[in-house]
Amino acid sequence: MYLCPTMTEHDFLSKPYTNTLEKGQVTWQSPSNIALVKYWGKYGEQLPKNTSISFTLSNCFTKTTLFYEPKTSSDFEFEVYLDGQREAGFEPKILKFFQRIEHYIPFLKEYRFRIGTTNSFPHSSGIASSASGMSALALCLIAMEQQLNPSITTDYFNQKASFLARLGSGSACRSVEGPLIVWGEHASIPGSSHLFGTKYPFGVHKNFDNYQDTILLVDKGEKQVSSTVGHELMHKHPFAEERFAQANSNMEKLIPVLREGNLDAFIKIVESEALSLHAMMMTSMPYFILMKPNTLEIINRIWKYRNETGSKVCFTLDAGANVHILYPEGEKTQVYDFIKKELVVYCQNSQYICDQIGKGAKKL
Ligand code: PMV
């Protein structure tokens, strides 16, 4: 058996730079991702309590341009712009991110930055932009580092981008590459790491080629409980250990399912993961519910449709009320029809987003 040398935090410290970098800019586009096996519960510096795996998306992305200019003062200096407008509300989160990664990106205080960002999905759609946003920013920073140290390889570039993105928002580490990314060490997945996302290394059946994800926007409002608080509540959670074991076991079960293209078994794992995630929220202390009545209406409609038609459509949820509808590319016409006829009524302002599995971030 081939064993990869295990990477540690130490491997992400910067080597001495051989080049200098004057005023300039760099732009990266990074997609969102949707977990099949969910991450919920962390420790240390954003390390996951269990392994997770996600489909990288394609149409839901953040595009970030990082403008940089050398300076002399010894503090962080940056401004954030969303769609061209200053967004000071984002800045405390970015400051925290910079403070966390300074150890690994030592030039942060040597430049004045302007961070210009746009999302392809509507702002306040309830779709978390933290995964795509943090990963796009991390990619811009490692791209700067690569100019300072051109010996950085593509593999290391992607690993360090994912490592940095993780320190901004855990699930962001799964947004650098695609189409299927694993995060969190798992005995059955060679190369898997708590520190960064890695490409799923095994065979995947053609049933999953261009797998579709239509995101139904059920509730576009601000979440009542942030995922930071939700992760925190897993610390004293009565079912935490069982949940982490369940996720790791679901990861294991998914390997033959992905290889053989067994869509019935896929549905069982994916839907059960979504409901287990929300069950953790409902059994936290304090407890909370992020699903809305229309989330449940949609789930019931999907189950009914599947029973009546034999379709392989299924749902998953992230930490919110919106529903991700997953289905094979071959069912696109019928499922669109079903969504328009039966599900759109449950969406806020009839809004939904059509997406599909994607290849990862790209430099623009
Ligand atoms: O990346 P965070 O800290 O926002 O956590 C998000 C976790 C879920 O989206 C609910 C699940 C997952 O694995 O993406």
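What you are looking at is a predicted structure, and each value in this text was computed from that prediction instead of being measured.

J.: Explanation requested: the pattern of salt bridges in the structure shown.
T.: Here the idea is simple: oppositely charged side chains can pair when their charged atoms come close. Enumeration according to the criterion identifies 13 salt bridges in this entry. Put simply, Glu-273 and Arg-243 hold a salt bridge, and the shortest N to O gap is 2.7 Å. Here Arg-243 lies in helix α5 (residues 240–260) and Glu-273 lies in helix α6 (residues 263–282), a separation of 30 residues in the sequence. One exposure class covers both Glu-273 and Arg-243, and it is buried.

J.: How should the domain arrangement of the protein chain be read in this particular structure?
T.: Accessible area lost upon the coming together of the parts is a frequently used measure of interface size. As assigned here, the protein chain comprises domain 1 (9–203) and domain 2 (210–356). The centre of domain 1, based on its C-alpha atoms, is set 25 Å off from the matching centre of domain 2. Contacts between the two partners involve 32 residues from domain 1 and, on the opposite side, 42 residues from domain 2. Together, Leu-36, Lys-38 and Trp-40 form the three largest contributors to the area buried by domain 1 at its contact with domain 2, with a combined 26%. At the boundary of domain 1 and domain 2, one finds zero salt bridges. Taken together, the elements giving at least two residues each to the side of domain 1 that touches domain 2 come down to β1 (24–37) and β4 (52–70). Here the element with the most residues in the side of domain 1 that touches domain 2 is β4; it accounts for seven residues. Its residues assigned to classes, the side of domain 1 that touches domain 2 shows 17 nonpolar, twelve polar and three charged.

J.: I keep staring at the pairing of β4 and nothing clicks. Help me out?
T.: Regular strands place their side chains on alternate faces of the sheet. Sheet topology note: the β1/β4 ladder contains twelve bridges and is antiparallel. Considered in β4, the bridge of Ala-35 is made with Ser-54. Two elements, β4 and strand β8 (residues 180–183), share four bridges in a ladder whose sense is antiparallel. Each bridged residue has a counterpart across the sheet, and for Phe-55 the counterpart in β8 is Leu-180. Of the strand pairs in this sheet, β4 and strand β7 (residues 111–119) are connected by nine bridges, and their pairing is antiparallel. Opposite Glu-69, over in β7, you have Arg-112 as the bridge partner.

J.: Mind showing me how you'd approach the site of the ligand here?
T.: Near the ligand there are 13 residues, and of these Tyr-39, Ser-171, Arg-174, Ser-227 and His-231 occur at the shortest range. With respect to the ligand, the side chain of Ser-227 contributes an N or O atom lying 2.9 Å from an oxygen atom. In the model, an oxygen atom of the ligand is placed 3.0 Å from a nitrogen or oxygen of the His-231 side chain. Calculation on the ligand without its partners gives an accessible area of 380 Å², and the protein chains cover 89% of this total. In terms of residue class, the shell around the ligand is built from five nonpolar, five polar and three charged. Each of domain 1 (9–203) and domain 2 (210–356) gives at least three residues to the shell around the ligand.

J.: Is there a simple way to explain the side chain of Ser-175 in this structure?
T.: With respect to the element layout, Ser-175 can be found in the loop between α3 (154–168) and β8. One polar contact links the side chain of Ser-175 to the main-chain carbonyl oxygen of Pro-31, over a distance of 2.7 Å.

J.: Could you clarify how one ought to interpret the packing of helix α1 (residues 91–101) against α3 in this entry?
T.: Two packed helices can be described by the angle between their axes and the distance between those axes. Packing of α1 against α3 leaves a shortest axis separation of 9 Å and a crossing angle of 130 degrees. Between α1 and α3, the angle falls in the class oblique. In terms of crossing hand, the pair formed by α1 and α3 is right-handed. Contacts between α1 and α3 involve Phe-97, Arg-100 and Ile-101 from the first element and Leu-164, Leu-167 and Gly-168 from the second.

Rules behind the numbers
- Residues numbered from 1 in each chain as written.
- Predicted model: local features only at pLDDT ≥ 70, side-chain atom pairs only at ≥ 80, totals over all residues.
- Heavy atoms only, no water.
- Salt bridge = Lys/Arg side-chain N within 4 Å of Asp/Glu carboxyl O.
- Helix = DSSP H or I, 4+ residues; strand = E, 2+ residues; numbered from the N terminus.
- Buried < 20%, exposed > 50% of the residue type's maximum accessible area, 1.4 Å probe, protein only.
- Domains from an automatic or database assignment.
- Contact = heavy atoms within 4.5 Å.
- Buried area = accessible area lost by both parts, 1.4 Å probe.
- Nonpolar A, V, L, I, M, F, W, Y, C, P; charged D, E, K, R; others polar.
- Pairing = 2+ DSSP bridges.
- Near = heavy atom within 4 Å.
- Polar contact = N/O pair within 3.5 Å; in protein donor to acceptor, adjacent residues only side chain to side chain.
- Areas by Shrake-Rupley, 256 points an atom, 1.4 Å probe, with all protein chains shown as cover.
- Axes fitted to C-alpha atoms, helices over the stretch in contact; angles between N-to-C directions.
- Parallel < 35°, antiparallel > 145°, perpendicular 65-115°, else oblique.
- Left-handed = near helix turned anticlockwise from the far one by under 90°.

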